[in-house]
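Below are the chains, spelled out letter by letter.
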Amino acid sequence: LVSNDADNSVCQGATVVFTATPIGSANYDFILNGDFGTPVQSGLSNTYTTNTLANNDQLQVVVTGGGGCTDISNTIINTVIPTATVDLVADQVLCN
């Protein structure tokens, strides 16, 4: 399992694409934070795209081959940097 972000550190709301190998397996179950009962995506696609990651979210994929054999990928731990907030106040003198 790899992502399109080399260091797996993204800004909040950024789109991240995860890709599982091998290509052409029967099923890919993308698992978020170890919840093997509820994949965030399940099907024929070996890619999962999201823009809703939270800091320290962990993603794995369970790949099932045509013969029914399964394999669990490595885990990618994501660092999500929150967006900056700016509070504006009226009539403030910053410089003279």
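Details of the structure are given in the entry above.
How each quantity is defined
Residues numbered from 1 in each chain as written. Predicted model: local features only at pLDDT ≥ 70, side-chain atom pairs only at ≥ 80, totals over all residues. Heavy atoms only, no water. Pairing = 2+ DSSP bridges. Helix = DSSP H or I, 4+ residues; strand = E, 2+ residues; numbered from the N terminus. Core = buried A, V, L, I, M, F, W, Y, C linked by side-chain atoms within 4.5 Å. Buried < 20%, exposed > 50% of the residue type's maximum accessible area, 1.4 Å probe, protein only. Contact = heavy atoms within 4.5 Å.

Digging into the sheet that holds strand β6 (residues 47–50)
For sheets, the rule is that strands pair by backbone hydrogen bonds, running either parallel or antiparallel.
Now for step 1: Spatial ordering of the open sheet is given by β1-β3-β6, a layout of three strands whose pairing is antiparallel. Every other strand in the sheet has two partners, leaving β1 (2–3) and β6 as the edge strands with one partner each.
Now for step 2: The sheet contact formed by β1 and strand β3 (residues 16–19) spans two bridges and is antiparallel. Bridging from a neighbouring strand, Val-2 pairs with Thr-19 of β3.

Thoughts on the nonpolar core
Now for step 1: With 14 residues, the main nonpolar core has Leu-1, Phe-18, Ala-20, Tyr-28, Phe-30, Leu-59 and Val-61 as its most contacted residues.
Now for step 2: Elements supplying a minimum of two residues to this core: β3, β4 (27–32) and β7 (58–64).
Now for step 3: By residue number, the principal contributor to this core is β7, which donates three residues.
Now for step 4: Ignoring any residue separated from it by four or fewer positions in sequence, one finds Tyr-28 in contact with Ala-20, Pro-22, Ile-23, Gln-41, Ser-42, Gly-43, Leu-44, Ser-45, Asn-46, Val-61, Val-62 and Val-63.

Digging into the side chain of Asn-78
Now for step 1: Inspection of the secondary structure assignment puts Asn-78 in the loop between β9 (76–77) and β10 (79–81).
Now for step 2: Classification of Asn-78 by relative accessible area gives buried; the value is 2%.
Now for step 3: Setting aside residues up to four positions removed in sequence, Asn-78 forms contacts with Asn-8, Phe-18, Leu-53, Ala-54, Asn-55, Asn-56 and Asp-57.

A short note on unusual backbone geometry
Trans peptide bonds make up most of the peptide bonds, and negative phi angles are found at most residues other than glycine.
Now for step 1: Residue Pro-22 is bonded to the preceding Thr-21 through a cis peptide linkage, with omega at 5 degrees.
Now for step 2: Locating Pro-22 in the fold gives a position in the loop between β3 and β4.
Now for step 3: Phi is positive for Asn-33, close to 60 degrees, though the residue is something other than glycine.
Now for step 4: Take Asn-33: it is sitting in the loop between β4 and β5 (41–43).
Now for step 5: A positive phi angle, close to 70 degrees, is found at Asn-56, a residue other than glycine.
Now for step 6: Looking at the element boundaries, Asn-56 is found in the loop between β6 and β7.
Now for step 7: Judged by relative accessible area, Asn-56 falls into the partly exposed class, the value being 47%.

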